[in-house]
Amino acid sequence: MTLAVIQMVSQTDIQTNLAAARRLLEQAAEAGARLAVLPENFAAMGRSDLVALGRAEAEGAGPILPWLKQAARDLSLWIVAGTIPLPPDDQPLAKVRACSLLVDDHGQRVARYEKLHLFDADVSDARGRYRESDDYAAGERLVVVDTPVGRLGMSVCYDLRFAELYTALRLAGAELISAPSAFTAVTGQAHWEMLVRTRAIETQCYMLAAAQGGEHPNGRMTHGHSSIVDFWGQVLAEQATGEAVLVVDRDAAAQTATRQRMPVVMHRRFTTPRIVSGTLE
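Below is a summary of the structure that appears in this document. These numbers were taken from a predicted model, which means no experiment stands behind them. (Residues numbered from 1 in each chain as written. Predicted model: local features only at pLDDT ≥ 70, side-chain atom pairs only at ≥ 80, totals over all residues. Heavy atoms only, no water.)

All of the buried residues in helix α6 (residues 252–261) are Gln255, Thr258 and Arg259. Along the long axis of α6, the arc covered by the buried residues comes to 100°, so they all point the same way. When the buried face of α6 is taken as reference, the exposed residues oriented beyond 90 degrees from it are Ala253, Gln260 and Arg261. Contacts from the buried residues of α6 go to α4 (163–171), α5 (185–203) and β11 (206–209). (Buried < 20%, exposed > 50% of the residue type's maximum accessible area, 1.4 Å probe, protein only. Helix = DSSP H or I, 4+ residues; strand = E, 2+ residues; numbered from the N terminus. Arc of directions from axis to C-beta. Contact = heavy atoms within 4.5 Å.)

Okay, here's the thing in C-alpha cells:
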C-alpha cells in the first residue's frame, strides 16, 4: 500500500526528461512503491509541436508510450504518467488532449483521463498569458479505477480549482486522487497547498500531488511543492523545488475509520443548488 509522488523540472528535450523520470521511478520502486505519479508535462515542457508529438505517439512512432510501458514492466510499478498530448483514440486527426495515463505493472494501459479544465488565464509572471485551449481540447468524463493501493480518481493541475469534480470522484468510490501539475510560481504560492489540502479534506482521500518545480524554457517558473496529503488534510511528505521522490504508506484502516466517524458523503443535502427568488433551494 505504498504510494510515490515524483517531482521534476522537465525541459523541452524528451529523451533527457525520460532519462530523469526513469531514474526517479527506480528510486520509488526501490523504496517499495506500488504506484507512482509523475508530474504534468513530465516528458516535454514548453514545446510548440504538441500536435505532431501527439500524433506520432498515437501512431506508435513516438518515444514516450513505449518508454512508459517498458518502465512499468521493468520496475513492476503502476505509473500515473502525468500528462502526454494525445488525440482521441478514435479520432487520430483531432485536436490533442492533455492525457493522464494509468499503466499497470505489466505495461498495460488501464485508464486514460483527459484534463477537463484547461488553464486559460492571465498571471502576473514573466509569461503573463496562458491559453491551454490554443493547444488542447478539453476532456469530457471522470475516471476512477481500481489499483493495488486503492481506488484511484484522476485529475490534472487546474482541475484542483473545481471542487465539484472531486466530489464526483469521491462519490464514484475514490480513495486516493492523483493530481499531476505544473502550477505557476505565482498561482502556486497563493493557492497550491490550500487547494490540495482542501480537496483531501472534503473527499477524505489521499491526494497525490506531483508537481513541476523549477525553471523551464522561456523563463517559466513552476511552484513545485509536490506533496502527499492524507484523508485528514495532513501533509505527509513535501518537496519545495527540484527533483524529488516522495514515498508514503497508505493507512487504509485509519482512512476507513475516519470516513465512518465523519460520514460526510451521507450528510450531503444537495448537489447543484438552484436560485429561486434570490435564495438557494
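Following the structure, the description resumes.
As a further point, take the layout of surface pockets. Taken as a whole, the largest pocket encloses approximately 530 Å³ of empty space. Around the largest pocket, the lining is made up of 28 residues, and of these Asn41, Arg127, Tyr130, Glu132 and Arg220 lie nearest the centre. For the lining of the largest pocket, the element with the highest residue contribution is strand β7 (residues 129–131), accounting for three residues. Class assignment of the residues belonging to the lining of the largest pocket gives a composition of eleven nonpolar, six polar and eleven charged. (1 Å grid on protein atoms, 1.4 Å probe; cavity = no way out; pocket = protein on both sides within 12 Å on 5 of 7 lines; lining within 4 Å. Points joined across faces, edges and corners; volume = space filled by probe spheres on them. Nonpolar A, V, L, I, M, F, W, Y, C, P; charged D, E, K, R; others polar.)

This brings us to the sheet that holds strand β10 (residues 176–178). Strand order in this open sheet of six strands is β8-β9-β10-β11-β12-β13, and the pairing throughout is mixed. Pairing within the sheet leaves two strands with one partner each, and these edge strands are β8 (144–147) and β13 (235–239). Along the sheet, successive strands turn relative to each other by an average axial angle of 20°, direction set aside. Direction of pairing for strand β12 (residues 226–229) relative to β13: antiparallel, over a ladder of four bridges. Within β13, the position partnered with valine 229 by the bridge is valine 235. (Pairing = 2+ DSSP bridges. Axes fitted to C-alpha atoms, helices over the stretch in contact; angles between N-to-C directions.)

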